[in-house]
Amino acid sequence: MLAKSRIKARFTTTSEKAEQLFRNDIKKHQFSDRTAAKYGLALTLIDQKKLDEAQEILTKLLKTDPANLFYLDSKTDLLIAQKNTQAALTLLKEHYQLKPNNQVITLNYANAAIEAKDYPLAERLLRYFLLDKPDHPLGKDLMAQTYKMQKKQSAYHEIRASIMIDYGAYQQASDEIQKALNFIEKTDDIKRQRLKALLKQYRQMQKELAKL
């Protein structure tokens, strides 16, 4: 039911229309459905920057179910919208210590760290996450943001290449690897050789695609 509410909040024509739908649902449904409708209402309120009312709803929902991942995800969005990134970090750090392998908590924690400009924390969280889930698109996108903000140009272009490969964009991936090579330290021969091998692989994949 929470997933259905999230979909309704995100894909109804406008947030205002979704808000009205959820308010109607709260009036007419039984307890469990009404709880899901309140969650959906909170999402639409965040989207409309009605943050105080959204906070009141989410605070009550989390009080009844403090480990609920839907609620924690939305609470993070709310705190970031309120420019209260330190509170988001404190909230998620507690849950991360209890569930360090949980995808929702880890990605929200990393996103909050980026918003708080704590890029070393974000990088550390995402590095461990991507070791377990190396092809996770959001994880890679957040890592790309982290590298970019730290001006780690070689690492940034390399992970951008990995993202391009996921979409079958071999030429763009090759271009990104070429850019990554331009930022390699002259003494880092191992990384240079590894990137050259990747570049060769991606160019070969582009040739194979062209034959189809």
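Residues numbered from 1 in each chain as written. Predicted model: local features only at pLDDT ≥ 70, side-chain atom pairs only at ≥ 80, totals over all residues. Heavy atoms only, no water.

Participant: What's the story with the packing of helix α1 (residues 2-11) against helix α2 (residues 15-28) in this structure? I'm lost.
Facilitator: When two helices pack together, their arrangement is captured by the angle between the axes and the distance separating the axes. Here α1 crosses α2 at 145°, and the two axes come no closer than 9 Å. On α2, the residues touching S5, K8 and A9 of α1 are A18, L21, F22 and D25. Its residues placed into classes, the contact of α1 with α2 shows four nonpolar, one polar and two charged. (Axes fitted to C-alpha atoms, helices over the stretch in contact; angles between N-to-C directions. Helix = DSSP H or I, 4+ residues; strand = E, 2+ residues; numbered from the N terminus. Contact = heavy atoms within 4.5 Å. Nonpolar A, V, L, I, M, F, W, Y, C, P; charged D, E, K, R; others polar.)

Participant: Would you mind showing me how to read the packing of helix α5 (residues 69-81) against helix α6 (residues 85-98) here?
Facilitator: Direction vectors running N to C along α5 and α6 enclose 160°, while the axes themselves pass 8 Å from each other. On the basis of their axis angle, the class for α5 and α6 is roughly antiparallel. In this structure, α5 crosses over α6, and the sense of that crossing is left-handed. For the pair α5 and α6, the contacting residues are L72, K75, T76 and L79 in the first and T85, A87, A88, L91, L92 and H95 in the second. Along the lines of polarity and charge, the residues of the contact of α5 with α6 split into six nonpolar, three polar and one charged. (Parallel < 35°, antiparallel > 145°, perpendicular 65-115°, else oblique. Left-handed = near helix turned anticlockwise from the far one by under 90°.)

Participant: Quick question: what am I supposed to make of the nonpolar core here?
Facilitator: Inside soluble globular proteins, nonpolar side chains tend to come together where they are buried. Core analysis: the largest hydrophobic core is formed by 64 residues, its most contacted members being Y109, I177, L195 and Y202. Among the elements that make up this core, the one with the highest residue count is helix α3 (residues 31-47) (eight residues). Apart from residues no more than four positions distant in its own chain, L195 is found in contact with S154, E158, I177, A180, L181 and I184. (Core = buried A, V, L, I, M, F, W, Y, C linked by side-chain atoms within 4.5 Å. Buried < 20%, exposed > 50% of the residue type's maximum accessible area, 1.4 Å probe, protein only.)

Participant: Could you clarify how one ought to interpret the side chain of E19 in this entry?
Facilitator: With respect to the helices and strands, the residue E19 is situated in helix α2. When sequence neighbours within four positions are dropped, the list of residues in contact with E19 reads L41, T44, L45, Q48 and K50.

Participant: Before we go on, may I ask you to explain the packing of aromatic side chains in this structure?
Facilitator: When we look at a pair of aromatic rings, we describe it by the centre distance and by the angle of the planes. Taken as a whole and judged by the stated rule, the model has three aromatic pairs. Measuring from ring centre to ring centre gives 5.8 Å for Y39 and F70, while their planes differ by 80°; the resulting arrangement is edge-to-face. Here F70 lies in helix α5 and Y39 lies in helix α3, a separation of 31 residues in the sequence. Both rings, one in Y39 and one in Y71, keep their centres 5.8 Å apart while their planes meet at 50°; by these two values the pair is tilted. Remark: Y71 occurs in helix α5 and Y39 occurs in helix α3; sequence separation between them is 32 residues. No difference in accessibility class separates Y39 from Y71, as the two residues are buried. (Phe/Tyr/Trp six-rings, centres within 6.5 Å; stacked < 30°, edge-to-face > 60°.)

Participant: Which parts of the structure should I look at to understand helix α10 (residues 153-166)?
Facilitator: Helical geometry: 3.6 residues make up each α-helical turn, so side chains three or four residues apart lie on a common side. With 14 residues, α10 should cover 20 Å at 1.5 Å per step; its first-to-last C-alpha distance of 20 Å lies within 8% of that length. Burial within α10 is extensive, with 10 of its 14 residues counted as buried. Those residues of α10 that fall on the buried side of the exposure criterion are S154, A155, Y156, H157, E158, I159, A161, I163, M164 and I165. In the segment just after α10, G168 is the residue with positive phi, at about 75°. (Expected span 1.5 Å × (residues − 1).)

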